[in-house]
Amino acid sequence: MSEKNSYEVGFSSDAMKEPRRIVFITRNTSAKVKGDVGPQLMSYPHVILREGIVFQILTIVLVALALFWDAPLEQLANPLLTPNPAKAPWYFLGLQELLHYFPPIVAGVLIPTLVVVALMVIPYFGVNIQGEPLWRHSRRTRLQIFLGAFVALFVFLAVYQAWTVLVPTVLVAALALVPYFQPSGPSRFVRYLMSRTLPWWVMTWFIAVALTLTTVGTFFRGPGWSWVWPWR
Amino acid sequence: MATTVWTQRLLEQVRKTRVWRSIFRRGPARTNRTRSLAVFGNLSLHVLPVKVREKSLRVRATYYLGSISFFLFVVLTVTGILLMLYYHPAVPDAYRDMKDLVYVVANGTFLRNLHRLAAQAMVVAVFWHMFHVFYRGGYKPPHEFNWVVGVGLLLVTLFLSYTGYLLPWDQLAFWAITVGTNIIGYVPLLGRPIRFLLLGGHIIGQNALLRFYVLHCVILPLAAVVLIAEHFWRIQKDGGLTVRDDNEREE
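Residues numbered from 1 in each chain as written. Chains lettered and ligands numbered in written order. Predicted model: local features only at pLDDT ≥ 70, side-chain atom pairs only at ≥ 80, totals over all residues.

Colleague: Before we move on, could you go through the overall build of chain A and cite the residues and values that matter?
Modeller: Along its length, chain A carries seven helices and one strand. Secondary structure of chain A in N-to-C order comes out as β-α-α-α-α-α-α-α. In chain A, buried positions account for 16% of the 232 residues. (Helix = DSSP H or I, 4+ residues; strand = E, 2+ residues; numbered from the N terminus. Buried ≥ 20, exposed ≤ 12 C-beta atoms within 10 Å, placed from the backbone.)

Colleague: Lay out the overall build of chain B with the relevant residues and their values.
Modeller: Along its length, chain B carries eleven helices and one strand. Counting helices and strands in the order they occur from the N terminus, chain B gives α-α-α-β-α-α-α-α-α-α-α-α. With the C-alpha coordinates of chain B rotated into their principal frame, the extents come out at 65 × 50 × 30 Å. The 251 residues of chain B split such that 34% are buried. A sequence separation of at least 24 residues applies to 65% of the contacts in chain B between residues at least 6 apart. (Contact = placed C-beta atoms within 7 Å.)

Colleague: Please give an account of the nonpolar core that cites residues and values.
Modeller: Leu72, Ala118, Met122, Trp169 and Ala173 of chain B are the most contacted members of the largest nonpolar core, which has 66 residues in total. When we break this core down by domain, the ones giving at least three residues each are domain 1 (42–73) and domain 2 (90–225) of chain A. In this structure Trp169 of chain B touches Ala77 of chain A together with Val91, Pro92, Ala94, Tyr95, Phe174 and Leu209 of chain B, once residues within four positions along its chain are discounted. (Core = buried A, V, L, I, M, F, W, Y, C linked by C-beta atoms within 7 Å. Domains from an automatic or database assignment.)

Colleague: Requested: an account of the interface of chain A and chain B, with residues and values cited.
Modeller: If you look at the interface, chain A gives 59 residues, while chain B gives 65 residues. Residue assignment for the side of chain A that touches chain B shows that the elements contributing at least two residues are strand E1 (40–42), helix H1 (43–68), helix H3 (104–121) and helix H7 (198–219) of chain A. Examining the composition of the side of chain A that touches chain B, we find that 16 residues originate from one element, H1 of chain A, more than from any other. Bridge count between E1 of chain A and strand E1 (residues 51–53) of chain B: three bridges; the pairing is antiparallel. Note on E1 of chain B: the bridge partner recorded for Leu41 of chain A is Val52 of chain B. (Pairing = 2+ DSSP bridges.)

Colleague: Describe helix H3 (residues 32–40) of chain B, with residues and values.
Modeller: Every buried residue belonging to H3 of chain B is among Arg35, Ala38 and Val39 of chain B, and all of these are buried. Seen along its axis, H3 of chain B keeps its buried residues to an arc of 95 degrees; they face one direction. Elements in contact with the buried residues of H3 of chain B: E1 and H1 of chain A. (Arc of directions from axis to C-beta.)

Colleague: So what about the domain arrangement of chain A? Which residues, and what values?
Modeller: Domain boundaries assigned for chain A yield domain 1 (42–73) and domain 2 (90–225). The C-alpha-based centres of domain 1 of chain A and domain 2 of chain A are spaced at 34 Å.

Colleague: Outline helix H5 (residues 163–181) of chain A, listing residues and values.
Modeller: Counting along an α-helix, one turn takes 3.6 residues, and residues three or four places apart therefore face a common direction. Residues and elements named next belong to chain A. The first and last C-alpha atoms of H5 sit 26 Å apart over 19 residues, in line with the 27 Å expected at 1.5 Å per residue. All buried positions along H5 are accounted for by Thr164, Val165, Ala176 and Pro179. All buried residues of H5 lie within an arc of 115 degrees about the axis, which places them on one face of the element. Among the exposed residues of H5, those pointing more than 90 degrees away from its buried face are Ala174 and Phe181. (Expected span 1.5 Å × (residues − 1).)

Colleague: Give me unusual backbone geometry: which residues, what numbers.
Modeller: The residue after Asn84 of chain A, namely Pro85 of chain A, is reached through a cis peptide bond having omega 0 degrees. In this structure, Pro85 of chain A sits in the loop between H1 and helix H2 (93–101). Note the cis peptide between Pro141 of chain B and Pro142 of chain B, where omega equals 5 degrees. Summarising the element assignment, Pro142 of chain B is placed in the loop between helix H7 (108–136) and helix H8 (144–166). Phi at Arg25 of chain B takes a positive value of approximately 55 degrees, unusual for a residue other than glycine. Among the secondary structure elements, Arg25 of chain B is positioned in the loop between helix H2 (18–24) and H3. In this structure, Leu189 of chain B is a non-glycine residue whose phi angle is positive, near 60 degrees. By the secondary structure assignment, Leu189 of chain B is in the loop between helix H9 (171–184) and helix H10 (191–199).

Colleague: Give a detailed account of the packing of H1 of chain A against helix H5 (residues 65–84) of chain B, specifying residues and quantitative values.
Modeller: H5 of chain B packs onto H1 of chain A with a crossing angle of 55 degrees between their chain directions and a minimal axis gap of 10 Å. With respect to their mutual orientation, H1 of chain A and H5 of chain B come out oblique. For the pair H1 of chain A and H5 of chain B, the sense of crossing is right-handed. Contacts between H1 of chain A and H5 of chain B pair Glu51, Val54, Phe55, Leu58, Thr59 and Leu62 of chain A from the former with Ser67, Ile68, Phe71 and Val75 of chain B from the latter. Here the contact of H1 of chain A with H5 of chain B is composed, by residue class, of seven nonpolar, two polar and one charged. (Axes fitted to C-alpha atoms, helices over the stretch in contact; angles between N-to-C directions. Parallel < 35°, antiparallel > 145°, perpendicular 65-115°, else oblique. Left-handed = near helix turned anticlockwise from the far one by under 90°. Nonpolar A, V, L, I, M, F, W, Y, C, P; charged D, E, K, R; others polar.)

Colleague: Give me the lowdown on the environment of His143 of chain B, citing residues and values where you can.
Modeller: Among the secondary structure elements, His143 of chain B is positioned in the loop between H7 and H8. Placed 78 residues apart in sequence, His143 of chain B and Leu65 of chain B show a C-alpha to C-alpha distance of 17 Å. Excluding residues within four positions of it along the chain, His143 of chain B makes contact with Pro123 of chain A together with Gly138, Asp238 and Thr242 of chain B.

Colleague: An account of the environment of Pro223 of chain A is requested, with residue identities and associated values reported.
Modeller: All names here are of chain A. Checked against the element boundaries, Pro223 lands in the segment after H7. Of the residues examined, Pro223 has 9 C-beta atoms within 10 Å and is grouped as exposed. Residues within four places of Pro223 in sequence aside, it is in contact with Asn84 and Pro85.

Colleague: Before we move on, could you go through the confidence of the model for chain B and cite the residues and values that matter?
Modeller: Residue and element names in this part refer to chain B. Per-residue confidence for chain B gives a mean pLDDT of 91; residues scoring 70 or more make up 96%. Per-element averaging of pLDDT across chain B places helix H1 (residues 2–16) at the bottom with 86 and H5 at the top with 97. Low pLDDT, under 50, characterises residues 246–251; the stretch is placed with four contacts to residues that sit more than four places away or in other chains. On the interface metric, ipTM, the complex scores 0.91, and its pTM is 0.89. (pLDDT = per-residue confidence, 0-100.)

Written out as structure tokens, the structure reads:
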């Protein structure tokens, strides 16, 4: 699928006709040019074709699933008959799980608002543009801050007995500490963890907590929001 | 082979006609110039970039998650419009219409399954897309604002899914919306007015169903279309998708 332009490109020897580009390097800047990002392709047909294939595969998968899986339909809505437990749609069950631990103003209003605001401001905080790994520089100071934040969070969650938030928090924190105590990590996995940045850890923690809460809320909560095993 | 030549000749003849040329205003897309025209001379394609980096087309760069989210929205629009033909946003007709879809309408169950499935899939796809973009560093300059538009699209997707949840008017729908809208009531000062505005009253009844229906079928889809257009157009204006420089160390 190579594409060739019909015209030839070359250097002109006549500097009057073809001006040369000159680079001025001012103080406190570098002559670094933007890295070569590789060849380019025409959107038509290369992107359009690929998108078409994606759409076809997606439609086939959806139709196949829709043939064998039935959308749920329960009895006619009855305001007098409250199911136990009454559950929100699955993507809000993480919040409902939080409501179990924290007062509604915190779990239902404060936390979702903070999450949305945090997501929106991510690009404006210039978080770690260089992509510097968490434990590369000033390791001791960072460890103190990290442990301080972790202990504060741990105590807060333990006071509210929010176990389904606490467990993924502890796991992610433990994973983040692995590369600190193994500076010359032998395995590939530890080397991977070593190269992770602080935003990476924060987002991974957020996803871990959100996934745990949603899974627990969907499958492990029964009457009165008590713990049930889905296979019993 | 013979048929191919025959169809090609026919196509060339059609391309020469006045009507064709009045519509497309370009020759066959065999040169880079006409291929560019194919994109920016087309109303729906012109928001896309004319050229893309080869690297940004690799599956690992995107997993096509943004495209999948958009295509799910298309599937939802088509199946949603078809479902509207069989639906009355009234109590208890809404529930009766669900029963009709199952027992009376030809392929009604399939239609509803497809809509429900695509809706769940879209929520998953949009979340996954956002996390993937984050891990790829796609929010970094000059893509800051497109990330914010993306967060807006995530919220619209969630509200679309949520408002659609009430429409079958069964026990599942009613109580899920009850749980959700009770939370809104806890917002300080504005909570109760917002809840009243959303439900058209103090309880989930006929008014709430109608409001959720209008939100689900008109207001939120329009908001989604505007935001999607901005989201796509921004990719082009911000200089294409984020591609990792090979010179930078990866992992």
